[in-house]
Amino acid sequence: MQPRFPQPRFPGSQRAPGPRRFAGPPTSFIVITVAVIQVVGTLAAASHQDAPRLLDALAFLLLLAGPAALAFRKRRPAIMLPVALVATGTYLWLGYAWGPIALSLALSIILTASAGLRWQAWMGAGIAAASVVLAAALAGDNNWPLRASAGVAWAAILVLLGEGFRRRRERFAEYRRRREAAQQAERDEYRLTLARDIHDVVAHSLSMINVQASVALHVGADDPEKLRPALEAIKAASKESLMEVRQLLGVLRDDVPLSPAARPTLARIPELVKNAELGGLQVRLEDRTDPALVGPAQIGPAQIGPAQQEAAYRIIQEALTNVGRHSGAQTAVVSLTSGEGVLTVRVNDDGAGMGGALPGNGLMGMRERAAALGGTLTLRELHPGLSVEAVLPITQNPEGNLP
């Protein structure tokens, strides 16, 4: 059994309800209603007619045969029209009283066309129209051409009605398919977003804890005074990790939405730099989005959208985690620049670079974050070292405040 994944919920937003498809009345209702109309209507009409032949058991059998054929409209729709044609034609040919006997035939033509049996529907309608023309001509009525034309027109109209119902059903089926595909894509994107967040939080925090634990073990016996900062760094990293993981688990349990206020911002990037330095890496932060340094072509962090700030934070977080875990670098430079409608994030280090290794989940997550905002992520070998650069189009906050 596949586990149920909660739908994403965001404050103030609701999914617009889609049109609901009317499946039509049940088959049993159609069969019973048509049978009652044909039998009762024919009995009432026979009392006002001088028919050549009185109603007998065969007449009632023929009156019920057409409605009974409608019972196969879903399982075997090809049976309806031939049975209704034979029953109606035989009834009229034997000279029984005229009545609503043609109702089951008309519904059979509509339902056959609606089922997609176009050639059968047109053939049945053609046979019915030809029978009407022949009967009108043999009756010797002066208005037989008008009656014949009306019969032919009604036969064509019945087929076109069935075609209309079929096309409407196909449009609803296509709409449902597209809606389900869109919902599945939304669920997949939601899973992907949570997976990236969990990976970034857990990988960064565990890497930090691992580095500090190694430092604590190394200096614990020789220099006890250096033990306390390492343990404090472990405590701070584990506390922050627990808070973020607890919030993400709350979203997974559908308890609370991931609120924009909880998103990391550019203001928290110095914390990442400090944590990386606690692990022994020398990091220099060049923040050209600082309000004191903003030029005419730049915008400050207060005008940068929360999605871009979160993406920049997570990309720097993952890049510094990779530098500390894999590259063996001694120094790194983190730079932030805003200008010409984009936020540029760059992390350079002097380590071993990719070393021919394939990109892992972390690099894949960084690329996905940049692509989700219409930006790009580029990796470039520095000899020595690696440069990770993300260019994110800026969605500005018109009020200058984060929502």
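As shown above, the structure is provided for reference.
Now for a quick tour of the structure.

What counts, and at which threshold
- Residues numbered from 1 in each chain as written.
- Predicted model: local features only at pLDDT ≥ 70, side-chain atom pairs only at ≥ 80, totals over all residues.
- Heavy atoms only, no water.
- Helix = DSSP H or I, 4+ residues; strand = E, 2+ residues; numbered from the N terminus.
- Buried < 20%, exposed > 50% of the residue type's maximum accessible area, 1.4 Å probe, protein only.
- Polar contact = N/O pair within 3.5 Å; in protein donor to acceptor, adjacent residues only side chain to side chain.
- Contact = heavy atoms within 4.5 Å.
- Pairing = 2+ DSSP bridges.
- Salt bridge = Lys/Arg side-chain N within 4 Å of Asp/Glu carboxyl O.

Structural notes on the side chain of Glu-163
By the element assignment, Glu-163 lies in helix α6 (residues 144–219). Look at Glu-163 and you get buried, because its relative accessible area is 5%. Only 2.6 Å separates the side chain of Glu-163 from the side chain of Arg-166, close enough to count as a polar contact. Excluding residues within four positions of it along the chain, Glu-163 makes contact with Ala-113 and Arg-118.

Focus on the pairing of strand β3 (residues 342–349)
As paired strands, strand β2 (residues 331–339) and β3 are joined by 8 bridges and run antiparallel to one another. Among the inter-strand pairings, Ser-335 is bridged to a residue of β3, identified as Arg-346. Counting the residues that bridge the hairpin from β2 to β3 gives 2 residues, and of these Glu-340 lies at a positive phi of roughly 55°. In this sheet, strand β5 (residues 386–393) lies alongside β3 in antiparallel orientation, the contact comprising 7 bridges. When the sheet's bridge partners are listed, Val-345 is paired in β5 with Ala-390.

Describing the pattern of salt bridges
Pairing between side chains becomes possible if they bear opposite charge and their charged atoms approach one another. Throughout the structure, instances matching the rule amount to 10 salt bridges. Between Glu-286 and Arg-284 there is a salt bridge whose closest N-O contact spans 2.9 Å. Close ionic contact of Glu-286 with Arg-288 constitutes a salt bridge, the shortest N to O distance being 3.3 Å. The exposure class of Glu-286 is partly exposed, given its relative accessible area of 23%. One connected set of salt bridges, linked through shared partners, spans Arg-118, Glu-163, Arg-166 and Glu-170.

By themselves these figures say nothing about function.
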